Amino acid sequence: MATVSVTTARRRTPPAARKERRNRSLLGLLAWLCGIVFFLPFAWMVLTSFHSEQDAATNPPKLGASLTLHGYREFFGSGTGVSPWPPLVNSLTAAAVSTALVLVLSFPAAYALSIKPVRKWTDVMFFFLSTKMLPAVAGLLPVYLIAKNAGLLDNIWLLILLYTSMNLPIAVWMMRSFLAEVPVEILEAASIDGAGLPTILVRIIAPVVTPGIAATALISFIFSWNELLFARVLTGVVAGTAPVFLTGFVTSQGLFLAKVCAAAVCISLPVLAAGFAAQDKLVQGLSLGAVK
């Protein structure tokens with residue numbers, strides 16, 4: 001009797017519903033396949049970091065090779081005596097301070113371009129976008145000469161200034177899309193109650209667009225943490241960052257794959273931790289306004 005009921009229910013299911021269910025299953029399977037494809041290189045890097053240099057250099061790699069922490073000991077200076085903590089602290093300082101400055105500057109700019117739009121705001125948005133059209137390497141020589149004449153070479157504050165200016169256009173574009181979804185009625189009610197602009201920005205708008213602020217902050221932090229070109233050219237011993245420290249494992253003696261993978265895993269952990277901690281806010285922020 002139960003079998004007959006199930007068969008009858010299947011027959012009564014509209015063809016369109018069955019087709020939609022099948023499409024959802026295929027999309028879910030495709031999403032899982034894409035996730036596995038993107039995760040496999042990182043998984044291979046983590047596995048290689050626990051191998052010896054001899055096993056890591058084999059082609060194809062030995063998945064069942066013995067595991068060791070030699071690569072991580074080398075990264076933390078066990079054999080070389082070079083500590084990774086100063087570069088890690090420099091990267092954290094540059095990424096955190098520049099991200100804070102980006103949020104402080106982009107939030108009121110996005111407010112002026114969305115809720116209280118200035119005249120010809122589309123031209124302003126295009127100007128912000130046009131600053132990203134120039135390849136970074138094209139501005140490397142002028143920046144180097146200015147930093148040299150100003151005595152700012154190998155200075156962490158120079159990197160903070162550069163990272164802030166590099167991430168600010170993207171942050172303004174993102175924040176504007178988030179602030180454009182804020183109901184105008186809330187702002188009008190706050191104005192009627194006598195709230196000033198700072199109060200509206202901090203106590204009214206900021207709580208509403210918290211996911212957008214988190215998404216903007218995370219993306220700015222990742223871009224600053226991973227930046228290599230300017231840090232490699234403009235810094236030296238004092239202000240060198242973690243990506244610059246990572247390139248030091250590629251020497252004239254050869255590529256020590258296990259040590260490079262161990263260093264890459266350690267340097268990636270802060271970004272992965274930040275992304276994991278803010279993943280719910282990141283998804284909400286990136287999808288804010290996507291569904292009407």
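Our subject is the structure that appears above.
Residues numbered from 1 in each chain as written. Predicted model: local features only at pLDDT ≥ 70, side-chain atom pairs only at ≥ 80, totals over all residues. Heavy atoms only, no water.

A. Quick look at the layout of surface pockets. Space inside the largest pocket adds up to approximately 350 Å³. For the largest pocket, the lining is made up of 14 residues, of which Thr131, Leu134, Ala136, Met166 and Phe230 are closest to its centre. Contributing elements (two or more residues each) for the lining of the largest pocket: helix H8 (156-179) and helix H12 (229-234). When residues of the lining of the largest pocket are assigned to their parent elements, the largest contribution, 4 residues, is made by H8. Across the lining of the largest pocket, the residue classes break down as 9 nonpolar, 3 polar and 2 charged. (1 Å grid on protein atoms, 1.4 Å probe; cavity = no way out; pocket = protein on both sides within 12 Å on 5 of 7 lines; lining within 4 Å. Points joined across faces, edges and corners; volume = space filled by probe spheres on them. Helix = DSSP H or I, 4+ residues; strand = E, 2+ residues; numbered from the N terminus. Nonpolar A, V, L, I, M, F, W, Y, C, P; charged D, E, K, R; others polar.)

B. How the structure looks around the packing of aromatic side chains. Counting across every chain of the model gives 7 aromatic pairs. When the ring of Phe75 is compared with that of Phe76, the centres are 5.0 Å apart and the planes differ by 80°; the resulting orientation is edge-to-face. Residue class for Phe76 comes out partly exposed when judged on its relative accessible area of 41%. Ring centres of Phe76 and Trp85 lie 5.9 Å apart, and the angle between their planes is 40°; on these two criteria the pair is classed as tilted. Three or more aromatic residues joined by ring pairs form one cluster here, namely Phe75, Phe76, Trp85 and Phe245. The ring of Phe256 carries Lys259 above its face, with NZ or CZ at 4.1 Å from the centroid. (Phe/Tyr/Trp six-rings, centres within 6.5 Å; stacked < 30°, edge-to-face > 60°. Buried < 20%, exposed > 50% of the residue type's maximum accessible area, 1.4 Å probe, protein only. Lys NZ or Arg CZ within 6 Å of the ring centre and 35° of its normal.)

C. Quick look at unusual backbone geometry. Residue Asp154 is not a glycine yet carries a positive backbone phi of 60°. Counting through the fold element by element, Asp154 comes out in the loop between helix H7 (140-150) and H8.

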